[in-house]
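# A look at the structure
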Amino acid sequence: MVSVKQMWEQIVREIEKKMSALPFDLFISTLEPICVYKEHTLVLLAPTEANLNIISKKHSPFIKEASKKCFPSLSEVEYILNDELPAYEKYRETLQENPPYEQNGKEEQGFYPSYTFENFVVGRSNEYAAAASRAVAEKPGNKYNPLFIYGGVGLGKTHLMHAIGNYFKQNNEKLKVLYVSADKFVFDLIEMFRDGGKGDTKKNFRNTYRNVDCLMIDDVQYLAKRSSVQEELFHTFNDLYLAGKQIIISSDRPPKEIDSLEERLRTRFESGVIADVKQPDLEMRIAILQKMCLAENVNINKDILQIIAEKITENIRDLKGLLTKVISYAPLTSRDYNNIEVVSAALKDYADDKNEIITMERIAENVCVYFNISKEDLLGKKKNKEIVLPRQVCVYLINEFLSVPLTTIGEFFGGRNHTTIMYSRDKVSNLIKENSSVEKQIKDLKDLILKR
Ligand code: ADP
Ligand code: MG
């Protein structure tokens, strides 16, 4: 059984890999995990309002990404303050009784109860993947083996895998099923290697992975390029396959487009059935929203659902997110979800979140938060190195993102000469080549600015 605390510890380790120590200590380490709400939202308690604002504005992309990486079904992260705690109290208890990731024996993870075939809307964009998944659920290890599902983010790959898992749980209880993310596979493997690849850990690893009737590996595009990892997966695959066990793989792209994949694994993955999930058309998006309204027990007119469905075309997770926003915007007292004003306010807010334009200001603000310095210092004349590097980085980023003349950048930095600006820019581009930690900082900052 994994508690929300253990989940958070795993997520924090992931965040730590990608964030520099300062913002990590100042912000991430102050958060306290509270519960998982509605199976997909991790709720975190922030110590102060200021802290919450900075975290949700600047660090939330990292947190979200890391959460999803560790627990694929965690698609949202919510930040709350102490006074909101009572509202979540009851979920805290449900979680302890009934954790979303239940471990059964060795690292076996449970499946999200709501990710079922019944809750999965089938349309042109996913009918083959849905039919193949159903066939696998009904007859594992048979015709559709391995099953390789691919498609963009938020289009239902994880949902389908969990649906198969839930089906087994209901209809084929004895079947041993293991669902892992590719990261988790690699993580377990590295643990085994760390131990010298001998003895108990090796036995445990092989027991875990080769002793199952169905192995599901989610997001295999994240599989490390390391040949030892690929080798182990190759043997795991062969062992299971030859024993007639079912293998299900998902990825954001087809096998032939996964660069990190060795040829022999690619051939294995291509040897069964490859099914894709595409972007849903308008009609299907409306059907998904209708299904969600039914599940949430809210009554929203089709016209309004259509407005929502027209806004979001690419990603079912975002589509559901926007509906949740609309629901949460309706005043608690009236629960009038069909009020067009409420809906427009929610939509506007959503659009603002998504499409903030990049400006010199915005880049500077991100740099300040990232390095924890004031804007006054960033744009001012101080020459100590804690300030100078962030300043040069900021110049570099402005150059990367915006096509503004060097003189304009100079003015922005309190009237500096364009040669100084040029020097800063070139200094950082050289540093990136020489110093991998600077390279990583720049990448982090770009992600922050783009809110990825
Ligand atoms: P992926 O793994 O492809 O990134 P997920 O399976 O996590 O996407 O799906 C994202 C969200 O969208 C989940 O909440 C899932 O339940 C929902 N979803 C995806 N496809 C469908 C569908 N066809 N019908 C209903 N909900 C769906
Ligand atoms: Mg997924």
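Notes on the structure in this doc start here. Each chain has its residues counted from 1, following the order in which its sequence is written. To label them, take the chains in the order written and letter them from A, then take the ligands in the order written and number them from 1. Two thresholds apply to this predicted model, a pLDDT of at least 70 for residue-level local features and 80 or more for giving and counting side-chain atom pairs, whereas whole-chain, interface and lining totals are computed over all residues. Calculation of side-chain values draws on the structure's entire complement of heavy atoms; hydrogens and water are dropped beforehand.

### Thoughts on helix α6 (residues 157-171)
End to end, α6 covers 21 Å across 15 residues, agreeing with the expected 21 Å (1.5 Å per residue, within 8%). Working definition: with a 1.4 Å probe on protein chains only, accessible area under 20% of the residue-type maximum means buried, over 50% means exposed, and in between means partly exposed. The way it works is that DSSP assigns letters per residue, a run of H or I at least four long becomes a helix, a run of E at least two long becomes a strand, and they are numbered from the N terminus. Among the 15 residues of α6, 11 are classified as buried, and the element is accordingly described as predominantly covered. Buried residues of α6: Lys-157, Thr-158, His-159, Leu-160, Met-161, His-162, Ala-163, Ile-164, Gly-165, Asn-166 and Phe-168, and no others. Buried residues along α6 sit in contact with α5 (127-138), β4 (147-151), β5 (177-181), β6 (214-218), β7 (246-251) and β8 (273-277). Given the number of residues in a helix, its expected span is that number minus one, multiplied by 1.5 Å. Any two residues having at least one pair of non-hydrogen atoms within 4.5 Å are treated as being in contact.

### Remarks on unusual backbone geometry
Note that the residue after Asn-145, namely Pro-146, is joined by a cis bond; omega there is -10°. With respect to the helices and strands, Pro-146 occurs in the loop between α5 and β4. Positive phi outside glycine occurs at Asp-219, with the angle close to 55°. Secondary-structure assignment places Asp-219 in the loop between β6 and α9 (227-242). Judged by its relative accessible area of 15%, Asp-219 falls in the buried class. Despite not being glycine, Asn-372 shows a phi value in the positive range, around 55°.

### Considering the layout of surface pockets
Remark: the empty space left among the atoms is shown by a probe the size of a water molecule rolled over them. Estimates place the volume of the second largest pocket at around 440 Å³. A cavity here means a set of 1 Å grid points, computed over protein atoms only, where a 1.4 Å probe fits but cannot escape. A pocket is an open set with protein on both sides within 12 Å along at least 5 of 7 lines, and lining residues have an atom within 4 Å of a point. What lines the second largest pocket is a set of 15 residues, among which Glu-14, Lys-17, Asp-183, Lys-184 and Phe-187 lie closest to the centre. Here the lining of the second largest pocket takes 6 residues from helix α7 (residues 182-194), the largest share from any one element. In terms of residue class, the lining of the second largest pocket is built from 6 nonpolar, 2 polar and 7 charged. Grid points are joined across faces, edges and corners, and a volume is the space filled by probe spheres set on the points. The nonpolar class holds Ala, Val, Leu, Ile, Met, Phe, Trp, Tyr, Cys and Pro. Asp, Glu, Lys and Arg form the charged class, and all remaining residues, Gly among them, are polar.

### Points about the environment of Ala-137
Tracing the backbone through its elements, the reader meets Ala-137 in helix α5. Linking Ala-137 and Ile-164, residues 27 residues apart in sequence, is a C-alpha distance of 5.1 Å. Setting aside residues no more than four positions away along its own chain, Ala-137 makes contact with Phe-117, Ile-164, Tyr-167 and Phe-168.

### Some points on the sheet that holds β8
When DSSP finds two or more bridges between a pair of strands, those strands are recorded as paired. Spatially, β5-β6-β7-β4-β8 is the arrangement adopted by the 5 strands of the open sheet, whose pairing is parallel. The open sheet has two edge strands, β5 and β8, and neither has a second partner. Sheet twist, expressed as the average angle between the axes of neighbouring strands with direction ignored, equals 15°. As judged from the 4 bridges shared by β4 and β7, these two strands associate in the parallel manner. Bridging from a neighbouring strand, Leu-147 pairs with Ile-248 of β7. Structural elements are reduced to axes, namely lines fitted to C-alpha atoms, with helices fitted over the stretch in contact, and the angle between N-to-C directions of any two is expressed from 0 to 180 degrees.

### Focus on the environment of Lys-57
When you line up the elements, Lys-57 lands in helix α3 (residues 49-70). Relative accessible area serves as the criterion here: at 55%, Lys-57 is assigned to the exposed category. Sequence separation between Lys-57 and Cys-293 is 236 residues, and the spatial gap between their C-alpha atoms is 29 Å.

### Comments concerning the packing of aromatic side chains
Aromatic pairing here means that ring centres of Phe, Tyr or Trp (its six-membered ring) are within 6.5 Å. Orientation follows from the plane angle: under 30 degrees is stacked, over 60 is edge-to-face, and everything else is tilted. Following the criterion strictly, the structure yields 12 aromatic pairs and no others. With 6.1 Å between their ring centres and 70° between their planes, Phe-111 and Tyr-179 make a pair best called edge-to-face. Of this pair, Phe-111 sits in the loop between α4 (85-97) and α5 while Tyr-179 is found in strand β5, placing the two residues 68 residues apart along the sequence. Each member of the pair, Phe-111 as well as Tyr-179, is classed as buried. Their ring planes at 90° and their centres at 5.5 Å tell us that Phe-412 and Phe-413 sit as a pair that is edge-to-face. An identical accessibility class is assigned to Phe-412 and Phe-413; each is buried. Sitting over a ring, as applied to charges here, requires NZ of Lys or CZ of Arg to be within 6 Å of the ring centre and within 35 degrees of the ring normal. Across the ring face of Tyr-222, the terminal group of Lys-69 is positioned such that the distance to the ring centre comes to 5.5 Å. Looking at Arg-264, its charged tip hangs above the ring of Phe-234, at a distance of 4.4 Å from the centre.

### So, empty space enclosed by the protein
Following the criterion strictly, the structure yields 3 cavities of 30 Å³ or more and no others. Taken as a whole, the largest cavity holds about 50 Å³ of empty space. If you go around the largest cavity, the residues you meet are Glu-14, Ile-15, Lys-18, Phe-62, Glu-65, Ala-66 and Lys-69. Elements supplying a minimum of two residues to the lining of the largest cavity: α1 (4-18) and α3. If one sorts the elements of the lining of the largest cavity by residue count, α3 sits on top with 4 residues. Tallied by class, the residues present in the lining of the largest cavity amount to 3 nonpolar, no polar and 4 charged.

### Focus: the nonpolar core
Here, nonpolar core means buried Ala, Val, Leu, Ile, Met, Phe, Trp, Tyr and Cys residues that are tied together by side-chain atoms lying within 4.5 Å of each other. Counting 59 residues, the largest nonpolar core has Trp-8, Ile-63 and Phe-413 as its most contacted members. For Ile-63, the contacting residues outside a window of four places in its chain are Trp-8, Ile-11, Ile-15, Ile-28, Leu-31, Leu-44, Ile-55, Val-77 and Tyr-79. The next biggest cluster of nonpolar side chains, apart from the first, holds 52 residues, and it includes Phe-111, Ile-248, Leu-323 and Leu-347.

### Topic: the site of ligand 1
Lining the immediate environment of ligand 1, one finds 16 residues, of which Val-121, Gly-154, Thr-158, His-159 and Arg-317 sit closest. We call two N or O atoms a polar contact when they sit within 3.5 Å, provided that within protein one can donate a hydrogen and the other can accept it, with sequence-adjacent residues counted only if both atoms are side-chain atoms. Here Leu-155 contributes a backbone N or O atom positioned 3.2 Å from an oxygen atom of ligand 1. For ligand 1, an oxygen atom lies 3.0 Å from a polar atom in the backbone of Gly-156. Only the protein chains shown count as cover for residues, and the accessible areas themselves come from Shrake-Rupley with a 1.4 Å probe. When ligand 1 is considered free in solution it has 560 Å² of accessible area, and contact with the protein chains removes 96% of it. Going through the elements one at a time, α6 and α13 (316-329) are the ones with two or more residues in the shell around ligand 1. When its residues are assigned to classes, the shell around ligand 1 shows 6 nonpolar, 7 polar and 3 charged. Near, as used in this document, describes a residue that has one of its heavy atoms within 4 Å of the molecule or strand being considered.

### Points about the pairing of β7
By the criterion of burial, β7 is predominantly enclosed, with 6 of the 6 residues buried. On β7, burial covers both faces: Gln-246, Ile-248 and Ser-250 on one face and Ile-247, Ile-249 and Ser-251 on the other are all buried. Sheet topology note: the β6/β7 ladder contains 4 bridges and is parallel. When the bridges of β7 are listed, Ile-217 appears paired with Ile-249.

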